[in-house]
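Report on the structure
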Number of protein chains: 2
Amino acid sequence: MSADGNVLDEVTPELIRRIEAALAEGRTDEVKALLAVLSAPGQAWVLEQVAEPERDALVGLLRRNLDPETLTELDDEVLDDVLDQLDSKDIAAAAHELEADDAANLLDELPEDERREVLAALPADERADIESALAYPEDSAGRLMQRSLVQISDGWNVGQVIDHCREATDLPDDVYDIFVIDPAGRLRGSVPLGRMLRSKRPVPVLDIVDPDIPSVPATATRDEVAHLFRDQNLVSCPVVDEGGRLLGVIMVDDVVDVIDAQAESELMRMGGVGASDMHATTVRTVRLRGLWLGINLLTAVIASLVIGQFEGAIEKIVALAVLMPIVASMGGNAGTQTVTVAVRALAMGELTATNALRFILKEFAVGGLNGIIFAVLMGGAVVIWYQDWRLGAVIGAAMICNLLAAALAGTLIPIGLEKFGVDPAVSSTVFLTTVTDVIGFLAFLGLATLFLL
Amino acid sequence: MSADGNVLDEVTPELIRRIEAALAEGRTDEVKALLAVLSAPGQAWVLEQVAEPERDALVGLLRRNLDPETLTELDDEVLDDVLDQLDSKDIAAAAHELEADDAANLLDELPEDERREVLAALPADERADIESALAYPEDSAGRLMQRSLVQISDGWNVGQVIDHCREATDLPDDVYDIFVIDPAGRLRGSVPLGRMLRSKRPVPVLDIVDPDIPSVPATATRDEVAHLFRDQNLVSCPVVDEGGRLLGVIMVDDVVDVIDAQAESELMRMGGVGASDMHATTVRTVRLRGLWLGINLLTAVIASLVIGQFEGAIEKIVALAVLMPIVASMGGNAGTQTVTVAVRALAMGELTATNALRFILKEFAVGGLNGIIFAVLMGGAVVIWYQDWRLGAVIGAAMICNLLAAALAGTLIPIGLEKFGVDPAVSSTVFLTTVTDVIGFLAFLGLATLFLL
């Protein structure tokens, strides 16, 4: 990896120690010099890595010298903290440097009154652009798009386009496609820049346009945009209004951020964390996690109510108490495997009405087969351990019951939640472990009551 | 979403039902016609959605009519099945149409002898390109890169470059950057196509080149490439050999696939599944899942050995058996939250030597605070339920112990595994639940033995 290519090469733990040391000893010029040479992702990295008091001190030192792009790279929790250290004039100066979409995302983090102050401090045209971005919901294509693009009339020829590009001095470097619109502003298609370059000047643009390009309405969600880029391997995609008029363009690097955020969010929800709270304060983390733990406490209490029904059996055969967590835990683990595959397949749109029944039947077969395997293993071990073949048979039968229940619950719960519009990633595991705990304890203790007492 | 923009719009469950019906009734021309109009991702989607016998029948019908790009879009399990249906001539015909990097990935799935047959059936220059791609490890930048790019001499001016592009008829449309090399083939930098277009013909290329562009060595891993694209918001990145000579270019759409695959793999490993086995056969799925369940069985047995040490206490106070799973389960859930945040932060490089201690201390504080909250809640409930304040105190104290243990295990285990080069995503949870089960049962039953008997 080239030295200038990677944030992790640029910002070493060594560099962070030097910044922290210089800060602690009040050598502010050195701190500024160390930060000034960093790229925006590098500066963001430093602000995320240091502790909160140091971060506040760094932001206080930098203020207007903070690269505005740095703000767009920060984790939300860290960004909130950094914005707290800046006054509305500083934030307006940063917003002035940013694209309207990035500026809108920044302003979204501010309280209503501060947002108004920042907007008031901006030139009228920028304010209008940011306000029109803010008019779209936070997770929409309209918010994700940038407004700077090259659009040309469908009556032009290649020579006119090239002259137009040469004359417009404010064109961005990262232009890949030139969009063709009709007199009403409706999107007619696009021409890759490479093709434009290779075509002769008198050729009409309509002769070389790709008319059938994908586009998204400004109201499409980020998830829909990410799906589209993924499925079609896009680098950029035009955004249109209800009338098909060109509004802006979404670039793939913004979509990469969306895909990363989706993946992180899915993992976190499956792990019982709303969002990564790595950078949140202790108190906030306790609150976020506690909610989930409270829900899990209810699940655990339900399971122990089931056990409570069998106190008599446990009193007579205390081995039941020793063995019962094994049955419940195997069901929980097998069900988690199924839920993980199902949740991902639902998120990627791979689990549909077409193959849902086939998926459920396959998981049921997998649960049954693994049930038989682990029934034999565990049943055999119990026979040897306790010298009691009936106890072995009971744990084996309970194991099969619970792995079958895990397969059914692991498929039906996420599919059902998705159907009713509830996020399967966040709620599936809690319902699943309720089922596998209850069925695990019920099957094992119930069969034991029937056959061993 | 425009009708042509989305695989999910293109391939409706309705369409799949029509294809299945036509196939079942032997209307092969209709099947071919329905598939022919689909895009490559659309064809791939159909092959992934139908059951295996129908898939084999579809591939048998299509053979050479299968869009070669379709093969690059398929899930690995489905691809293996499809390749089984094609002979080496068919596969060679497909490889001939594909870029060398995609063809190499295809050939990687074949057994050694069939791969040789396919290579032998290809023209010499294509064979050489594919073989040189195959020489790089499967997860390297060298494999990910494409060889077709526009490279120009550092002695040229803009006019020469434009003439060169006009004359070269085989240039791809998706050129965004033109790479500048010195006479030894070493990368000097790049010029965005848009800037080239706007510059006057006599301007020397070296006047408008970006010299400080990131590049990756061909031996860099996919993970390193994905990090680089993410950190620098790249659309393309040149690949160089040890001598800095330009070998190829990696485009962002291939990196999107890498990022998706990484995210899926992380989620699957955390869920106890090696890789998504959605499309694997039942027997293969049983084998893949069974391994993980076997490891979890050992964990569960260790936990029950701990319980076995307290049989006497449980015999005397059967309520202990009823309540003990609650303590273990709360520890497991709290620890999973911590592990999830830690594993993701390690994967993204956000958890480093700089902030590891701070992270551990924070998690310990979160565990302690949530421990106190749930100790009061659960202890109080037990006092009311069993009318026994000493039992309530014991379960409260055990809860605090176990949530502190969960915080330590949830941070130290993934950090330690990463340090020793073991994948934290796949092994952390199993070690964690061993710790939280053992400490949960030990603390609760041990304190009960000390204070209640």
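Residues numbered from 1 in each chain as written. Chains lettered and ligands numbered in written order. Predicted model: local features only at pLDDT ≥ 70, side-chain atom pairs only at ≥ 80, totals over all residues. Heavy atoms only, no water.

Brief notes about the relation of the copies chain B and chain A
Mapping chain B onto chain A leaves a residual RMSD of 0.1 Å; the transformation is a rotation of 180 degrees accompanied by 0.0 Å of translation along its axis. One copy is carried onto the other by what is essentially a two-fold rotation axis. Of the residues that chain B buries at the interface, 99% are likewise interface residues in chain A, meaning the two copies contact each other through the same surface. (Least-squares fit on C-alpha atoms with pLDDT ≥ 70 in both. Contact = heavy atoms within 4.5 Å.)

Details of the packing of helix 20 (residues 319-347) of chain A against helix 22 (residues 389-419) of chain A
All names here are of chain A. Where helix 20 meets helix 22, the closest approach of the two axes is 8 Å, and the angle between their N-to-C directions is 30 degrees. Of the possible angle classes, the one that applies to helix 20 and helix 22 is roughly parallel. As for the relative orientation of helix 20 and helix 22, their crossing is right-handed in sense. Each residue belonging to the contact of helix 20 with helix 22 can be placed in one class, and the counts come to 21 nonpolar, six polar and one charged. (Axes fitted to C-alpha atoms, helices over the stretch in contact; angles between N-to-C directions. Helix = DSSP H or I, 4+ residues; strand = E, 2+ residues; numbered from the N terminus. Parallel < 35°, antiparallel > 145°, perpendicular 65-115°, else oblique. Left-handed = near helix turned anticlockwise from the far one by under 90°. Nonpolar A, V, L, I, M, F, W, Y, C, P; charged D, E, K, R; others polar.)

Some remarks on the domain arrangement of chain A
Residue and element names in this part refer to chain A. Once the domains are mapped, chain A shows domain 1 (7-139), domain 2 (151-267) and domain 3 (282-452). Placing the centre of domain 1 and that of domain 2 at their C-alpha centroids yields a distance of 30 Å. The partner domain 2 presents six residues to the four residues of domain 1 that form the contact. Counting the surface lost from both domain 1 and domain 2, the interface buries some 380 Å², and carbon and sulfur atoms represent 41% of this. (Domains from an automatic or database assignment. Buried area = accessible area lost by both parts, 1.4 Å probe.)

Description of empty space enclosed by the protein
Taken as a whole and judged by the stated rule, the model has nine cavities of 30 Å³ or more. Its volume calculated, the largest cavity comes out at about 1,100 Å³. The wall of the largest cavity is formed by 44 residues, among which Asn333(A), Thr336(A), Thr433(A), Asn333(B) and Thr433(B) lie closest to the centre. Secondary-structure elements contributing two or more residues to the lining of the largest cavity are helix 17 (252-270), helix 18 (282-308), helix 20 and helix 23 (424-452) of chain A together with helix 17 (252-270), helix 18 (282-308), helix 20 (319-347) and helix 23 (424-452) of chain B. Ranked by residue count, the leading element in the lining of the largest cavity is helix 20 of chain B, at eight residues. When its residues are assigned to classes, the lining of the largest cavity shows 19 nonpolar, 23 polar and two charged. (1 Å grid on protein atoms, 1.4 Å probe; cavity = no way out; pocket = protein on both sides within 12 Å on 5 of 7 lines; lining within 4 Å. Points joined across faces, edges and corners; volume = space filled by probe spheres on them.)

Here we look at the packing of aromatic side chains
Residue and element names in this part refer to chain A. Evaluated as defined, the whole model comprises three aromatic pairs over all chains. Look at Trp385 and Tyr386: their rings are 5.2 Å apart centre to centre, the planes differ by 35 degrees, and that puts the pair in the tilted class. Judged by its relative accessible area of 23%, Tyr386 is partly exposed. (Phe/Tyr/Trp six-rings, centres within 6.5 Å; stacked < 30°, edge-to-face > 60°. Buried < 20%, exposed > 50% of the residue type's maximum accessible area, 1.4 Å probe, protein only.)

Considerations on the environment of Leu144(A)
Residues and elements named next belong to chain A. Relative to the helices and strands, Leu144 resides in helix 12 (residues 141-144). On the basis of relative accessibility, which here comes to 8%, the residue Leu144 falls in the buried class. Between the C-alpha atoms of Leu144 and Ala104, which are 40 residues apart in sequence, the distance is 9.8 Å. Those residues in contact with Leu144 that lie beyond four places of it in its chain are Asp101, Arg222, Val225, Ile250, Asp254 and Val258.

Focus: the side chain of Gln146(A)
Residue and element names in this part refer to chain A. Relative to the elements of secondary structure, Gln146 occurs in the loop between helix 12 and strand 1 (151-153). Look at Gln146 and you get buried, because its relative accessible area is 11%. Of note is the side chain of Gln146, whose polar atom sits 3.4 Å from the backbone oxygen of Ser148. (Polar contact = N/O pair within 3.5 Å; in protein donor to acceptor, adjacent residues only side chain to side chain.)

Points about a nonpolar patch on the surface
Together, Phe364(A), Leu408(A) and Leu412(A) give the surface a local cluster of nonpolar side chains, amounting to about 240 Å² of exposed area. By the secondary structure assignment, Phe364(A) is in helix 21 (residues 356-386). (Patch = residues over 30% accessible without salt bridge, like charges linked within 9 Å, V, L, I, M, F, W, Y side chains within 5 Å. Areas by Shrake-Rupley, 256 points an atom, 1.4 Å probe, with all protein chains shown as cover. Salt bridge = Lys/Arg side-chain N within 4 Å of Asp/Glu carboxyl O.)

Considerations on the interface of chain B and chain A
Taken together, the contact pairs 125 residues of chain B with 125 residues of chain A. Of the roughly 11,300 Å² buried at the junction of chain B and chain A (both faces included), carbon and sulfur atoms supply 62%. Broken down residue by residue, the surface that chain B buries against chain A is led by Leu197(B), Arg198(B) and Met278(B), which jointly contribute 7%. In this assembly, chain B and chain A are joined by six salt bridges. Across the pair Asp260(A) and Arg230(B) runs a salt bridge whose closest N-O atoms are separated by 2.5 Å.

A short note on a positive patch on the surface
A cluster of basic side chains, namely Arg166(A), Lys200(A), Arg166(B) and Lys200(B), defines a positive patch on the protein surface. Within the fold, Arg166(B) resides in helix 13 (residues 158-167). According to the relative accessible area criterion, Arg166(B) is partly exposed, its value standing at 31%. (Lys, Arg positive; Asp, Glu negative; His and termini not counted. Charge placed at Lys NZ, Arg CZ, Asp CG, Glu CD.)

Description of the environment of Gly274(B)
Residues and elements named next belong to chain B. Within the secondary structure, Gly274 sits in the loop between helix 17 and helix 18. Accessibility expressed as a relative area gives 56% for Gly274, which makes it exposed. Between the alpha carbons of Gly274 and Leu291 there is a distance of 9.8 Å; along the sequence they are 17 residues apart. Excluding residues within four positions of it along the chain, Gly274 makes contact with Met268 and Arg269.

Remarks on the sheet that holds strand 5 (residues 236-240) of chain A
All names here are of chain A. The sheet built from three strands is open, its strands ordered 4-5-6 with mixed pairing. Lying at the two open borders of the sheet, with one neighbouring strand each, are strand 4 (216-217) and strand 6 (246-251). Bridge count for strand 4 against strand 5 is two bridges, and the pairing is parallel. Considered in strand 5, the bridge of Pro217 is made with Val240. (Pairing = 2+ DSSP bridges.)

Re helix 16 (residues 222-232) of chain B
Where helix 16 of chain B is concerned, the buried positions are Val225(B), Ala226(B), His227(B), Leu228(B), Phe229(B), Arg230(B) and Asp231(B). Asn233(B) sits one or two positions beyond helix 16 of chain B and adopts a positive phi of about 50 degrees.

Comments concerning helix 7 (residues 76-85) of chain A
Buried residues of helix 7 of chain A: Glu77(A), Val78(A), Leu79(A), Asp81(A), Val82(A) and Leu83(A), and no others. Against the buried residues of helix 7 of chain A lie helix 4 (40-49), helix 5 (52-62), helix 6 (68-73), helix 8 (88-97), helix 9 (100-108) and helix 18 of chain A.

Some thoughts on the nonpolar core
The biggest cluster of nonpolar side chains holds 78 residues, and the ones touching the most others in it are Ile314(A), Phe444(A), Ile314(B) and Phe444(B). Each residue touching Ile314(A), except ones within four places of it in the same chain, is listed here: Ile307(A), Leu320(A), Ala321(A), Met324(A), Leu445(A), Ile314(B), Val318(B) and Ala321(B). Residues Ile250(A), Met251(A), Val235(B) and Ile250(B) belong to the second largest nonpolar core, which totals 58 residues. (Core = buried A, V, L, I, M, F, W, Y, C linked by side-chain atoms within 4.5 Å.)

Describing the pattern of salt bridges
All names here are of chain A. Under the definition given, this model contains 44 salt bridges over all chains. Across the pair Glu112 and Arg116 runs a salt bridge whose closest N-O atoms are separated by 3.2 Å. With Glu112 and Arg116 both in helix 10 (residues 112-120) and four residues apart, the pair spans about one turn of that helix. With relative accessibility at 52%, the residue Arg116 sits in the exposed group. Residue Asp210 is joined to Arg195 by a salt bridge in which the shortest nitrogen-to-oxygen separation is 3.2 Å. Of this pair, Asp210 sits in the loop between helix 15 (205-208) and strand 4 while Arg195 sits in helix 14 (residues 193-198), and the two are 15 residues apart along the sequence.

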